[in-house]
Amino acid sequence: TGLFFGVGAGFTRGAFSSIQASSSLNAVTICRMIVAVSSFGAGVSVRQEAKSVDAEDSGMVYKYYMHLWKIFYASYLVLPFAR
């Protein structure tokens with residue numbers, strides 16, 4: 001989850017720096033904010049899902065594993081916005 005939050009923080013910083021540089025909201029800033037929000041959302045989702053996993057229950061581990069794959073595939077939807 002730390003990686004998700006790190007990426008989100010990086011894109012948030014990039015968005016705010018582009019706002020300061022141009023003093024307006026442009027397409028690059030919006031794209032960076034989309035990536036930042038989705039990254040933070042993915043991190044929260046993974047953390048919440050991990051709290052309920054019992055490592056001894058193979059069904060729960062499988063469900064968590066499939067959740068990680070869903071997050072992985074969803075990240076491909078956000079990839080075009082990463083600039």
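Residues numbered from 1 in each chain as written. Predicted model: local features only at pLDDT ≥ 70, side-chain atom pairs only at ≥ 80, totals over all residues. Heavy atoms only, no water.

1. Topic: the overall build of the chain
So the rule is basically this: Think of it this way: any DSSP run of H or I at least four residues long counts as a helix, any run of E at least two long counts as a strand, and we number them from the N terminus. Two things to know: the radius of gyration comes from C-alpha atoms, and the globule rule equals 2.2 Å times the number of residues to the power 0.38. Summary of the burial criterion: residues with accessible area below 20% of their type's maximum are buried, those above 50% are exposed, and those between are partly exposed, where the area comes from a 1.4 Å probe applied to protein chains only. The contact rule is simple, with two residues in contact once any of their heavy atoms fall within 4.5 Å. Using the Shrake-Rupley algorithm and a 1.4 Å probe, accessible areas are obtained, with residue cover drawn only from the displayed protein chains.
When its secondary structure is counted, the chain shows three helices and zero strands. Rg of the C-alpha trace for the chain: 16 Å, well past the compact-globule value of 12 Å for 83 residues, more than 25% over. Principal axes of the C-alpha set define a box for the chain whose edges measure 55 × 20 × 15 Å. For the chain, with 83 residues in total, the buried portion stands at 22%. Sequence separation of 24 or more characterises 60% of the internal contacts of the chain that already satisfy a separation of 6 or more. Split by element, the accessible area of the chain, about 5700 Å² in all, is 67% carbon and sulfur.

2. Digging into the packing of helix 1 (residues 2–22) against helix 2 (residues 27–51)
For clarity, the threshold we go by: Only C-alpha atoms enter the line fits that serve as axes; for helices the fit covers just the stretch in contact. Angles between N-to-C directions range over 0 to 180 degrees. Roughly parallel means an angle under 35 degrees; roughly antiparallel, over 145; roughly perpendicular, 65 to 115; everything else is oblique. Crossings are classed by handedness, with left-handed meaning an anticlockwise turn of the near helix from the far one by less than a right angle and right-handed meaning a clockwise turn.
It is at 8 Å that the axes of helix 1 and helix 2 come closest, and there the two elements cross at 160 degrees. By the angle between their axes, helix 1 is roughly antiparallel relative to helix 2. Relative to helix 2, helix 1 is oriented so that their crossing is left-handed. Residues Phe4, Phe5, Val7, Gly8, Ala9, Phe11, Thr12, Gly14, Ala15, Ser18 and Ile19 of helix 1 form the contact with helix 2, whose participating residues are Thr29, Arg32, Met33, Val35, Ala36, Ser39, Phe40, Ala42, Gly43, Val44, Val46 and Arg47.

3. As for the confidence of the model for the chain
To keep things clear, this is the line we draw: Confidence of the predictor in every single residue is expressed as pLDDT, which spans 0 to 100.
Of all residues in the chain, 96% attain a pLDDT of 70 or more, and the chain-wide mean is 85. Highest mean pLDDT in the chain belongs to helix 3 (residues 58–78) (92); lowest belongs to helix 1 (79).

4. Observations concerning the side chain of Ser39
Put simply, the rule reads: Pairing of N or O atoms within 3.5 Å defines a polar contact, subject to two protein rules: one partner must be a possible hydrogen donor and the other a possible acceptor, and residues neighboring in sequence count only if both atoms are side-chain atoms.
With respect to the helices, strands and loops of the structure, Ser39 is situated in helix 2. Engagement of the side chain of Ser39 in a polar contact is seen with the backbone oxygen of Phe4, the distance being 2.4 Å. Ignoring sequence-local partners within four residues, the contact set of Ser39 consists of Phe4, Val7 and Gly8.

5. A closer look at helix 1
At 3.6 residues per turn, the α-helix brings residues three or four places apart onto the same side. Note the threshold: Given a helix with a known number of residues, its expected span is that number minus one, times 1.5 Å. In this description, the arc belongs to the directions extending from the helix axis to the C-beta atoms.
An ideal rise of 1.5 Å per residue puts 30 Å on 21 residues; helix 1 measures up with 30 Å between its terminal C-alpha atoms. All of the buried residues in helix 1 are Gly8, Thr12, Gly14, Ala15 and Ser18. Across the axial projection of helix 1, the buried residues extend over an arc of 160 degrees, all falling on one side. Helix 1 presents Gly2, Leu3, Arg13, Gln20 and Ala21 as exposed residues on the side facing more than 90 degrees away from its buried surface. Summarising the contacts, the buried residues of helix 1 are in contact with helix 2. Ser23 occupies a position one or two residues after helix 1 and carries a positive phi of about 60 degrees.

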